[in-house]
Amino acid sequence: MDGDRVEIDGGIMEGGGQILRVSTALSCLLGLPVRVRRIRAGRSQPGLRPQHLSGLEVIRDLCDGKLNGGEIGSTEITFTPGKIKGGTHIADTKTAGSVCLLMQVAMPCVLFAASPSELHLKGGTNAEMAPQIDYTVMVFKPIVEKFNFTFNCDIKRRGYYPQGGGEVVVQMSPVKELSPINLTERGTVTKIYGRAFVAGALPIKLAKDMSAAAVRCIRREIRDLYINIQPVREPDDKAVGTGSGIIIVAETSTGCLLAGSSLGKRGKNSDKVGIEAAEMLLQNLKHGGTVDDSLQDQLIIFMALAKGVSRVKSGPITLHTQTAIHFAEQLTKAKFTVTKSEEEDPGNDTYIIECQGMGLINPNL
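Residues numbered from 1 in each chain as written. Predicted model: local features only at pLDDT ≥ 70, side-chain atom pairs only at ≥ 80, totals over all residues. Heavy atoms only, no water.

S.K.: Summarise the overall build of the protein; cite the residues concerned and give the values.
M.R.: Within the protein one finds nine helices and 17 strands. The C-alpha atoms of the protein give a radius of gyration of 20 Å, which matches the 21 Å a tight globule of 365 residues would have. Referenced to the eigenvectors of the C-alpha coordinate spread, the extents of the protein come out at roughly 60 × 50 × 40 Å. Long-range contacts, defined as pairs at least 24 residues apart, comprise 75% of the intrachain contacts of the protein with a sequence gap of at least 6. With an accessible surface of roughly 14900 Å², the protein has 51% of that area assigned to carbon and sulfur atoms. If the 42 positive side-chain charges of the protein are averaged to one point and the 39 negative ones to another, these points end up 3 Å apart. (Helix = DSSP H or I, 4+ residues; strand = E, 2+ residues; numbered from the N terminus. Rg over C-alpha atoms; globule rule 2.2 N^0.38 Å. Contact = heavy atoms within 4.5 Å. Areas by Shrake-Rupley, 256 points an atom, 1.4 Å probe, with all protein chains shown as cover. Lys, Arg positive; Asp, Glu negative; His and termini not counted. Charge placed at Lys NZ, Arg CZ, Asp CG, Glu CD.)

S.K.: Just give me the short version of the pairing of strand β2 (residues 34-37), but keep the residues and values in it.
M.R.: Sheet topology places strand β1 (residues 6-9) next to β2; four bridges connect them, and they run parallel. Opposite E7, over in β2, you have R35 as the bridge partner. Between the parallel pair β1 and β2, the chain is carried across by helix α1 (residues 17-30), and the sense of this crossover is right-handed. As paired elements, β2 and strand β4 (residues 77-80) share three bridges and run antiparallel to each other. Note on β4: the bridge partner recorded for R35 is T78. (Pairing = 2+ DSSP bridges. Right-handed = clockwise from strand over helix to strand, strands pointing away.)

S.K.: So what's going on with the domain arrangement of the protein? Which residues, and what values?
M.R.: Where the parts come together, the accessible area they lose is often given as the size of the interface. As assigned here, the protein comprises domain 1 (6-183 + 291-358) and domain 2 (189-286). Centre-to-centre separation of domain 1 and domain 2, based on C-alpha positions: 25 Å. Between domain 1 and domain 2, the residue contacts involve 24 residues of the former and 26 residues of the latter. Roughly 1900 Å² is buried in total at the junction of domain 1 and domain 2, and carbon and sulfur atoms are behind 59% of that figure. Area buried by domain 1 at its contact with domain 2 is led by Q132, M138 and Y160, which between them contribute 31% of it. Across the contact surface, domain 1 and domain 2 share three salt bridges. Ionic pairing is found between R195 and D134, a salt bridge with its closest N-O pair at 3.0 Å. Among the elements of the structure, α4 (133-144) and β7 (151-159) are those that each provide at least two residues to the side of domain 1 that touches domain 2. Examining the composition of the side of domain 1 that touches domain 2, we find that six residues originate from one element, α4, more than from any other. Here the side of domain 1 that touches domain 2 is built from residues that sort into nine nonpolar, seven polar and eight charged. (Domains from an automatic or database assignment. Buried area = accessible area lost by both parts, 1.4 Å probe. Salt bridge = Lys/Arg side-chain N within 4 Å of Asp/Glu carboxyl O. Nonpolar A, V, L, I, M, F, W, Y, C, P; charged D, E, K, R; others polar.)

S.K.: For the environment of L281, give the residues involved together with the corresponding values.
M.R.: Examined against the element boundaries, L281 turns out to sit in helix α6 (residues 270-286). Each residue touching L281, except ones within four places of it in the same chain, is listed here: I192, I218, I248, A250, L258, A259 and G260.

S.K.: Tell me about the sheet that holds β7, and please be specific about residues and values.
M.R.: With mixed pairing, five strands are arranged side by side in an open sheet as β5-β6-β8-β7-β12. With one partner strand each, in any of the chains shown, β5 (87-92) and β12 (239-240) form the two edges of the open sheet. In this structure, β7 lies alongside β12, joined through two bridges in parallel fashion. In the strand pairing of β12, G159 is matched with V240. Seen against the sheet, helix α2 (residues 50-62) touches β5 and β6 (117-123) and runs at an angle of roughly 165 degrees to β5. (Axes fitted to C-alpha atoms, helices over the stretch in contact; angles between N-to-C directions.)

S.K.: So what's going on with the sheet that holds strand β10 (residues 189-199)? Which residues, and what values?
M.R.: Taken in spatial order, the four strands of this open sheet run β11-β10-β13-β14, and their pairing is mixed. Either end of the sheet is taken by a strand with one partner, and the two such strands are β11 (227-233) and β14 (257-263). Strand-to-strand twist of the sheet, defined as the mean angle between neighbouring strand axes without regard to direction, takes the value 15 degrees. Both strand β13 (residues 243-252) and β14 contribute to a ladder of seven bridges, which runs antiparallel. Bridge pairing in β14 links I248 to G260. Of the strands in this sheet, β10, β11 and β13 touch helix α5 (residues 204-221), which is tilted by about 165 degrees from β11.

S.K.: So, the packing of α1 against helix α9 (residues 319-331): which residues are in play, and what are the values?
M.R.: Two elements in contact, α1 and α9, have axes whose closest approach is 10 Å; the angle formed by their N-to-C orientations is 25 degrees. By the angle between their directions, the pair α1 and α9 is classed as roughly parallel. Crossing of α1 against α9: the hand is right-handed. Packed against α1, whose contacting residues are Q18, I19, V22, S23, L26 and L30, the element α9 presents H320, T323, A324, F327, A328 and L331 at the interface. Grouping the constituent residues of the contact of α1 with α9 by class yields eight nonpolar, four polar and no charged. (Parallel < 35°, antiparallel > 145°, perpendicular 65-115°, else oblique. Left-handed = near helix turned anticlockwise from the far one by under 90°.)

Spelled out as structure tokens, the structure:
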């Protein structure tokens with residue numbers, strides 16, 4: 001069997017969970033058995049963490065696959081996919097592990113299932129080192145739907161570090177194939193909006209402080225736009241534990257969405273949280289690209305699967321994006337090129353990511 005198995009080195013480049021997510025999702029989609037070695041080799045706690053394991057388990061269940069080495073701390077897994085099926089699937093990190101990262105691994109697969117799917121994803125909704133669920137709904141969803149599919153994301157409960165306990169239900173129907181996207185025109189920023197939230201034991205005043213600090217920070221650079229960042233207290237029956245954070249989105253005349261976000265934590269001043277998110281947004285606006293740093297790498301797998309040529313203009317290419325491209329090319333017939341964008345002000349660090357997609361066809365439809 002080893003002759004047909006694709007060997008993946010999980011310790012190179014970004015060297016984290018992303019390699020697992022991209023390679024096992026593509027393994028599932030293409031029917032290619034894979035072995036991933038040296039999983040998270042360079043991390044302080046190498047091997048699988050609960051969140052990576054629950055991602056692998058949901059992929060295994062989606063396609064009746066076989067997973068060997070699937071335990072916490074394991075640094076090598078082999079995965080043999082079966083046929084992707086729709087229906088209801090549950091993935092539970094049992095920690096504050098990110099539900100958004102579970103969605104990243106499962107979503108491309110269920111698009112090519114035989115029937116509609118409902119994913120019940122449990123864990124942290126607003127976690128460090130991962131997109132917040134608000135980002136997924138406000139930025140990722142409208143942009144990724146340009147590949148010609150739609151999904152519904154219902155936030156049942158929010159869950160925060162350390163206990164998690166959040167739940168998100170994602171419903172989607174399969175597609176025959178994905179269309180390519182062309183996101184190369186930034187346009188001008190037409191509005192800026194967002195939400196600053198608190199939950200559990202925290203007072204609404206903190207959300208108001210985050211929002212006000214963020215607005216002040218953005219105002220220094222962008223004076224003439226109305227900025228609407230709503231302070232929100234999450235209802236107690238819709239949130240587990242105590243948490244706070246902010247997300248701010250800039251929308252452009254061509255429909256681009258770029259964001260900045262930050263999470264509160266014990267001992268961190270709420271003004272600082274607001275300013276961090278505002279500075280991240282301004283940084284993402286500065287380079288002139290059509291996507292922000294967080295979206296850049298999340299689009300790669302869809303570009304690889306789509307039929308035709310996709311083009312995305314971005315700021316500097318992140319290590320996550322380079323990693324996603326490397327493994328997408330290793331496993332699919334897609335071909336990526338990254339070129340410096342010439343037409344801009346030479347001071348701008350913008351790039352065009354172009355992909356000749358493999359044009360995966362759903363055999364079930």
